[in-house]
Amino acid sequence: MHVFGLTGGIASGKSTVSRMLRELGARVLDADVIAREVVEPGTPGLQRIRERFPGVVGPDGRLDRVRLGAHIFADPQERAALNAIVHPQVRAAFLEKLQALEAEGLTHVVYDVPLLIETGLHAAMEGVAVVWVPRDVQKARLMARDGLDADAAEARLAAQMALDDKRAHATWVIDNSGAPESTRPQVEAVWRAMLAHG
Ligand SMILES: CC(C)(COP(=O)(O)OP(=O)(O)OC[C@H]1O[C@@H](n2cnc3c(N)ncnc32)[C@H](O)[C@@H]1O)[C@@H](O)C(=O)NCCC(=O)NCCS
Ligand SMILES: Nc1ncnc2c1ncn2[C@@H]1O[C@H](COP(=O)(O)OP(=O)(O)OP(=O)(O)O)[C@@H](O)[C@H]1O
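It should be emphasised that the depicted structure is a prediction, and the values quoted were computed from it without experimental measurement.

What counts and how
- Residues numbered from 1 in each chain as written.
- Chains lettered and ligands numbered in written order.
- Predicted model: local features only at pLDDT ≥ 70, side-chain atom pairs only at ≥ 80, totals over all residues.
- Heavy atoms only, no water.
- Phe/Tyr/Trp six-rings, centres within 6.5 Å; stacked < 30°, edge-to-face > 60°.
- Helix = DSSP H or I, 4+ residues; strand = E, 2+ residues; numbered from the N terminus.
- Buried < 20%, exposed > 50% of the residue type's maximum accessible area, 1.4 Å probe, protein only.
- Lys NZ or Arg CZ within 6 Å of the ring centre and 35° of its normal.
- UniProt positions renumbered as here; feature names shortened; annotations may be inferred.
- Contact = heavy atoms within 4.5 Å.
- Pairing = 2+ DSSP bridges.
- Axes fitted to C-alpha atoms, helices over the stretch in contact; angles between N-to-C directions.

**Notes on the packing of aromatic side chains**
Consideration 1: In the structure shown here, the tally under the stated rule is two aromatic pairs.
Consideration 2: Arranged with centres 3.7 Å apart and planes meeting at 5 degrees, the rings of F94 and Y111 form a pair that is stacked. Here F94 is found in helix α5 (residues 76–103), whereas its partner Y111 is found in strand β3 (residues 108–112), with 17 residues between them in sequence. Pair check on accessibility: F94 and Y111 agree, each one buried.
Consideration 3: In this structure, R52 is placed above the aromatic ring of F53, and the distance from its NZ or CZ to the ring centre is 4.8 Å.
Consideration 4: Residue placement shows R167 over the ring face of W132; its charged tip is 4.8 Å from the ring centre.

**Let's talk about the UniProt feature "binding site: ATP" (unreviewed entry) in the protein chain**
Consideration 1: Using the residue numbers shown here, the UniProt feature "binding site: ATP" (unreviewed entry) corresponds to A11, S12, G13, K14, S15 and T16.
Consideration 2: By the secondary structure assignment, A11 is in the loop between β1 (2–7) and α1 (14–23).
Consideration 3: Setting aside residues no more than four positions away along its own chain, A11 makes contact with Q138, R141, L142 and R145.
Consideration 4: As for its position among the elements, T16 is in helix α1.

**Notes on the sheet that holds strand β2 (residues 27–30)**
Consideration 1: Read across the sheet, five strands follow the order β2-β3-β1-β4-β5 without closing on themselves; strand pairing throughout is parallel. Of all strands in the sheet, those bounded by a partner on one side alone are β2 and β5 (172–175). The mean angle between the axes of side-by-side strands here comes to 25 degrees, regardless of whether they run parallel or antiparallel.
Consideration 2: Here strand β4 (residues 128–132) runs beside β5; their pairing, made up of four bridges, is parallel. Opposite W132, over in β5, you have D175 as the bridge partner.
Consideration 3: Contacting β1, β2, β3, β4 and β5, α1 crosses the sheet at an angle of about 145 degrees to β1.
Consideration 4: The strands touched by helix α9 (residues 180–195) within the sheet are β1, β3, β4 and β5, with β5 carrying the most contacts at an inclination of about 160 degrees.

Next up, the structure:
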């Protein structure tokens, strides 16, 4: 199985690139989706969050993501505590999904992980695509998409490695600062390069 990483920063266009890859026939696993699955009601993950972060599970038994987000993005120590609960669960669920895909006979998989490089997981990948935009474009798209003010957007940007630093770890850099039409051919070239492995 050939496993490639896809990463970027918050609002850099990872989802956009991941959609383009799927349209080309790639199977893409999404760490944000897995991170939601491992904290569904009734999971050990949610139980541990409830114990460590009182008040973030609503009366409906679901995680109050807005509240937990406001708490952990404002405080690196609290964020580390959440990561220590969630990341091992995400890793285990990812490996399970990978095995299932391998059993299906799949040969090439892309793993979309916002924190791929921060967590060191990039070292385990056969190649890494980084979706890059200049910081001012990233901040403007983040504010527009999520309705955040400049301070809230800055807090989220500060919680991640800068895209200019992530580039240094890239096998392929996808520049998403232009229109989607100029991103698409770059994504096609990266997918061809991934398929050329093996
Ligand atoms: C704090 C939570 C509840 C906020 O939920 P919310 O629905 O608002 O955001 P969502 O999960 O869609 O994440 C949006 C983006 O925020 C960034 N982000 C999320 N968690 C983190 C983190 N721990 N550190 C840095 N950036 C993060 C990522 O770029 C992600 O794509 C949620 O992000 C969470 O559970 N985070 C911890 C798990 C994690 O690290 N996920 C990221 C990939 S494994
Ligand atoms: N090439 C582009 N031109 C203009 N807007 C774009 C472009 N690519 C993405 N966007 C917009 O920027 C925002 C962020 O893109 P997207 O949701 O794909 O980022 P992401 O990296 O997946 O973000 P996150 O990790 O936060 O989920 C979205 O509102 C999207 O519509």
